[in-house]
Structure formats: C-alpha cells, structure tokens
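Each chain, letter by letter, is given below.
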Amino acid sequence: MALERTLSIIKPDATKRNLTGKINAVFEGAGLRIVAQKRIHLTEKQAGAFYAVHKERPFYGSLVSSMIAEPVVVQVLQGEGAVAKNREVMGATNPADAAEGTVRKLFAESIEANSVHGSDSLENAKNEISFFFAETEILP
Ligand code: RTP
Ligand code: MG
C-alpha cells in the first residue's frame, strides 16, 4: 500500500468539549502520523467554499453554521493507505451506525455534530490539503 496524506478536521463540537488530544490519540494509535496541524476559526466564506459540493443538500446551511460556531483543528494525517484508514478510524457519518472504537462512536453527538471530517478520496485529499496548508507547513 502506498504512503498517502489525507485532510482531517476536528470539528467544533469536539474542540468545544476539549477532545482534540483524545481524538489525536485514536489517529496515532491507528498508525496515522499528524504531519501538519493548526487551530483556526473558519469564516462563513471558507466553510461555504470547503463544503461547496454539498451546496444543494438540505443540511448545507446548518453544516456551514455549525462549522463556524467554534474553532476547528485542521490537520494532515500521513500513513500507508491514509485516506481509507482515516475513514475507517472515523466511523460512519451517523454515530448511531459507527463501529465500536471509531472516533464517531466514541465522541460524536449526532449526524451533524459528528466530531471529525476526513477526505473521501486521494484526489479530494490533495485538494483539501492545499485548501488549508502550504507544502512548507507539512513536516513529515
Ligand atoms: P465528512 O465529509 O464530514 O468527513 O463526513 P462524511 O463524508 O461521512 O459525510 P458527508 O456525506 O460528506 O457529509 C458531510 C457532513 O455533513 C453533515 N451531514 N449532515 N443532517 C444530515 O443528514 C447530514 N448529513 C451529513 C455531517 O456533519 C457530515 O459529516
Ligand atoms: Mg464527506
């Protein structure tokens, strides 16, 4: 399997509950290395652009509002097959469907306040990483 990078966001519901370290411990325990990380407060424009793919979905407005309610932690995770591995470690979008031991099973409050975002393909990962990070900020 190839060494990959994926974009992860620890969402406002989790930063608000001081869960950044606990979530990072799950990532690191699964063999994902945090090679870049910063805490930022997204603007409405940034959150709207980041989730533009969901623009027509009924939950778009509320998703954008929830993402700007509190700071988030954006990070680049690196590892063998990192994109799929991170999706596995995150668990299903709805925490009610998430497997035991996954971040969403452990920490998410609801389908929307589901604690983490993770890129869903290698191509999207590249685009999402460059949305937040310059190459010089990524230190493997
Ligand atoms: P993500 O993109 O955040 O990593 O999660 P995902 O692929 O599992 O979920 P996706 O379908 O891409 O949806 C993006 C985020 O929108 C919120 N959502 N709300 N109310 C709803 O029915 C609903 N569905 C999705 C979630 O916060 C989800 O993570
Ligand atoms: Mg998604």
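Cut-offs and rules
Along each chain, the written sequence defines residue order, and numbers are assigned to residues from 1. Chains and ligands are labelled by the order in which they are written, letters from A for the one and numbers from 1 for the other. Two thresholds apply to this predicted model, a pLDDT of at least 70 for residue-level local features and 80 or more for giving and counting side-chain atom pairs, whereas whole-chain, interface and lining totals are computed over all residues. With hydrogens and water excluded, all non-hydrogen atoms of the structure serve as input to the side-chain values. Note on conventions: DSSP H or I runs of at least 4 residues are helices, E runs of at least 2 residues are strands, and numbering of each starts at the N terminus. Throughout, the radius of gyration refers to the C-alpha atoms, and the reference size of a globule is 2.2 Å times the residue count to the power 0.38. Whether a residue is buried, partly exposed or exposed follows from its accessible area with a 1.4 Å probe, protein chains only, as a fraction of its type maximum: under 20%, in between, or over 50%, in that order. In this description, contact between two residues means that some pair of their heavy atoms is separated by no more than 4.5 Å. Under the convention used here, a 1.4 Å probe and the Shrake-Rupley method define accessible areas, while residue burial counts only the protein chains that appear. His is not counted here, nor are the chain ends, while Lys and Arg score as positive and Asp and Glu score as negative. To locate a charge, take atom NZ for lysine, CZ for arginine, CG for aspartate or CD for glutamate. Just to be clear on terms, a salt bridge is a Lys or Arg side-chain nitrogen sitting within 4 Å of an Asp or Glu carboxyl oxygen. The pairing criterion for strands is at least two bridges between them, as found by DSSP. Axis definition: a line fitted to C-alpha atoms, over the contacting stretch in the case of helices. Angles run 0 to 180 degrees between N-to-C directions. UniProt positions are given in the numbering used here, feature names are shortened, and annotations may be inferred rather than shown by experiment.

Trainee: Would you mind going over the overall build of the chain with me for this structure?
Mentor: Counting secondary structure elements, the chain contains 7 helices and 4 strands. The C-alpha radius of gyration computed for the chain amounts to 14 Å, which stays within 12% of the reference 14 Å derived for 140 residues, consistent with globular compactness. Along the first, second and third principal axes, the C-alpha set of the chain runs to 35 × 35 × 25 Å. Residues counted as buried form 46% of the 140 residues belonging to the chain. When contacts within the chain are restricted to residue pairs at least 6 apart in sequence, long-range pairs at least 24 apart make up 78% of them. Per element, the accessible surface of the chain, about 7,300 Å² overall, is 52% carbon and sulfur. Here the chain carries 16 positive and 17 negative side-chain charges, and the mean point of each set is 3 Å from the other.

Trainee: Got a minute to help me understand the pattern of salt bridges in this structure?
Mentor: Two side chains that carry opposite charge are able to pair once their charged atoms sit near each other. For the coordinates displayed, the defined rule picks out 5 salt bridges. Of the charged contacts in the structure, one is a salt bridge between aspartate 13 and arginine 17, with a shortest N-O distance of 2.6 Å. For aspartate 13, a relative accessible area of 9% gives the class buried. Among the salt bridges present, the one from glutamate 109 reaches arginine 17, with a minimum N-O distance of 3.5 Å. Placement of glutamate 109 in the loop between α6 (103-107) and β4 (116-118) and of arginine 17 in the loop between α1 (12-16) and α2 (20-29) is noted, with a sequence separation of 92 residues between them. With relative accessibility at 52%, the residue glutamate 109 sits in the exposed group. With relative accessibility at 33%, the residue arginine 17 sits in the partly exposed group. Several salt bridges converge on common partners, so that one network encompasses Asp13, Arg17 and Glu109.

Trainee: Explain unusual backbone geometry to me, please; I cannot follow it from the model alone.
Mentor: Comment: phi is negative for the bulk of residues other than glycine, and the bulk of peptide bonds are trans. Look at asparagine 18: it is not a glycine, yet its phi comes out positive at around 60°. With respect to the helices and strands, asparagine 18 occurs in the loop between α1 and α2. On the basis of relative accessible area, asparagine 18 is assigned to the exposed category, the value being 69%.

Trainee: How do you make sense of the sheet that holds strand β3 (residues 72-80) when you look at a structure like this?
Mentor: Backbone-to-backbone hydrogen bonds pair the strands of a sheet. The strands run either parallel or antiparallel. Spatially, the 4 strands line up as an open sheet ordered β2-β3-β1-β4, and their pairing is antiparallel. Two strands bound the open sheet, and with one partner strand each, they are β2 (33-40) and β4. Recorded for the sheet is a direction-independent mean angle of 20° between the axes of neighbouring strands. Here strand β1 (residues 3-10) runs beside β4; their pairing, made up of 3 bridges, is antiparallel. Across the sheet, isoleucine 9 pairs through a bridge with histidine 117, a residue of β4. Its contacts with the sheet put helix α5 (residues 82-90) on β1, β3 and β4, and the angle it makes with β1 is roughly 35°.

Trainee: How should I be thinking about the UniProt feature "domain: Nucleoside diphosphate kinase-like" (unreviewed entry) in the chain in this particular structure?
Mentor: As annotated by UniProt and renumbered to match this structure, "domain: Nucleoside diphosphate kinase-like" (unreviewed entry) occupies residues 3-140. Structurally, residues 3-140 comprises 40% helix and 20% strand, and the distance from its first C-alpha atom to its last is 11 Å.

Trainee: I would appreciate a short explanation of the side chain of glutamate 4 in the present structure.
Mentor: Tracing the sequence through the fold places glutamate 4 in strand β1. Of the side chains with opposite charge, lysine 126 lies nearest to the buried glutamate 4, which makes no salt bridge, at 8.0 Å. Sequence-distant contacts of glutamate 4, defined by excluding residues within four places in its chain, comprise Leu77, Gln78, Gly79, Gly81, Ala82, Val83 and Leu122.

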